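Architecture at a glance
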Amino acid sequence: MRAAVISDIHGNWEALEAVWADIQAVQADVVYCLGDIVGYGADPRLCWQWVTQHCLHSVRGNHDEALSGNLAAGMNAYAAAAIRWTTEQFTAAEILALSSYPLVYSGADARLVHGSPQEPKAFHYTRSRLDIESAFQAFPEPLCLIGHTHIPMVAEEIVPGTMRMLAPLTIPIDPEHRYLVNVGSVGQPRDGNPCARWVLIDSERARLTFRMVDYDISKAQQKIKNAGLPEILADRLGQGI
Ligand code: ZN
């Protein structure tokens, strides 16, 4: 089984289109989405329609939930402005559907959650060593896949209480170990590299691979400006911040 895992599309159709082409090129069997389908970008509707057609499971991100009126109050001014604009692009029934994805999906081998496996409804950022250690205690599966920070990351638990950070490249999966993986962001990367990101999990070859995809950034930027969304949301795509 070859599973593609994507997160934080954030209404960026050009990035999603490029990632989809890459997913098809490597012949993934299934696609999972870790939430934040909308918010920031100018094509929330197209991106959501794509997710409904192509993703076997998707979980709820904080921006998806914010469409229903929850959480937007805690966001910065640009994010909140984007949520207001995004809400206008959907019908009430669609907003209900978008904001009602489950917070967690757990299969036999992996758990999917937007921010952190501990208190998923709080949308914690999993960044520090302490965050990562707490996360490992909050899921029983061999693998937990997260997004939310928009920064690719992989931590390997060798035995409970002992873990190490690995470079987000190609990682051999040791069946005796457990993994916490942040797949990065399709539509708004924040690690200084503007390429769209996703992760391929190949269970037969026992490895996971962080993929990096070029896309038409200037087209996505122009659409954000044309929509009247805050210009900073266009500018940051070019810098990957
Ligand atoms: Zn996000």
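Below you will find a few notes about this structure. Predicted model, so just to flag it, every value in this text is computed and none were measured.

Formed by 46 residues in total, the largest nonpolar core has its most connected members in Ile 6, Ile 37 and Trp 198. Counting residues per element, this core draws most heavily on helix H1 (residues 13-25), at six residues. For Trp 198, the residues in contact, after removing those within four places along its chain, are Ala 4, Val 5, Ile 6, Val 19, Asp 22, Ile 23, Val 26, Val 183, Thr 209, Phe 210, Arg 211 and Val 213. Formed by 19 residues, the second largest nonpolar core is a distinct cluster that contains Leu 34, Val 183, Val 199 and Phe 210.

Now for the sheet that holds strand S6 (residues 143-146). Within the open sheet, the six strands sit side by side as S4-S5-S6-S10-S7-S8. Their pairing is mixed. At either end of the open sheet lies a strand with only one pairing partner, and these are strand S4 (104-106) and strand S8 (162-166). Within this sheet the neighbouring strands show an average axis-to-axis angle of 15°, counted without direction. Summarising the sheet, strand S5 (residues 110-113) and S6 pair through three bridges and their orientation is parallel. Note on S6: the bridge partner recorded for Arg 111 is Cys 144.

Distances from the zinc ion to its protein donors, namely Asp 8 (OD), His 10 (NE2), Asp 36 (OD) and His 150 (NE2), fall within the range 2.0 to 2.4 Å. One can describe the site at the zinc ion as irregular: its four donor atoms subtend angles covering 87 to 176° at the metal. Ordering the donors of the zinc ion by residue number gives the pattern D-x1-H-x25-D-x113-H. Pair noted here: Asp 8 is in the loop between strand S1 (2-6) and H1 and Asp 36 is in the loop between strand S2 (30-33) and helix H2 (44-54), with a separation of 28 residues, a long-range link. Given a relative accessible area of 2%, Asp 36 falls into the buried group.

The end-to-end C-alpha separation of H1 is 18 Å, in line with the 18 Å expected for 13 residues at 1.5 Å each. Turning to H1, the residues buried within the fold contact S1, S2, H2, strand S11 (196-202), strand S12 (207-213) and helix H7 (217-226). At the N-terminal boundary of H1, the capping side chain belongs to Asn 12, with an oxygen 3.3 Å from the backbone nitrogen of Glu 14. The first or second residue beyond H1 is Gln 27, which carries a positive phi of 60°.

The next point concerns the packing of H1 against H2. The interhelical angle for the contact between H1 and H2, taken along N-to-C directions, is 30°, at an axis separation of 9 Å. Judged by the angle between their axes, H1 and H2 are roughly parallel. Judged by the sense of rotation from one axis to the other, the crossing of H1 with H2 is left-handed. In contact with Trp 13, Leu 16 and Trp 20 of H1, H2 contributes Leu 46, Cys 47, Trp 50 and His 54. Across the contact of H1 with H2, the residue classes tally to six nonpolar, one polar and no charged.

Parameters at a glance
Residues numbered from 1 in each chain as written. Predicted model: local features only at pLDDT ≥ 70, side-chain atom pairs only at ≥ 80, totals over all residues. Heavy atoms only, no water. Core = buried A, V, L, I, M, F, W, Y, C linked by side-chain atoms within 4.5 Å. Buried < 20%, exposed > 50% of the residue type's maximum accessible area, 1.4 Å probe, protein only. Helix = DSSP H or I, 4+ residues; strand = E, 2+ residues; numbered from the N terminus. Contact = heavy atoms within 4.5 Å. Pairing = 2+ DSSP bridges. Axes fitted to C-alpha atoms, helices over the stretch in contact; angles between N-to-C directions. Donors = N, O, S within 2.8 Å, 3.2 Å for Na, K, Ca; no water. Tetrahedral: all angles 85-135°; square planar, octahedral: opposite > 155°, others 65-115°. Expected span 1.5 Å × (residues − 1). Polar contact = N/O pair within 3.5 Å; in protein donor to acceptor, adjacent residues only side chain to side chain. Parallel < 35°, antiparallel > 145°, perpendicular 65-115°, else oblique. Left-handed = near helix turned anticlockwise from the far one by under 90°. Nonpolar A, V, L, I, M, F, W, Y, C, P; charged D, E, K, R; others polar.

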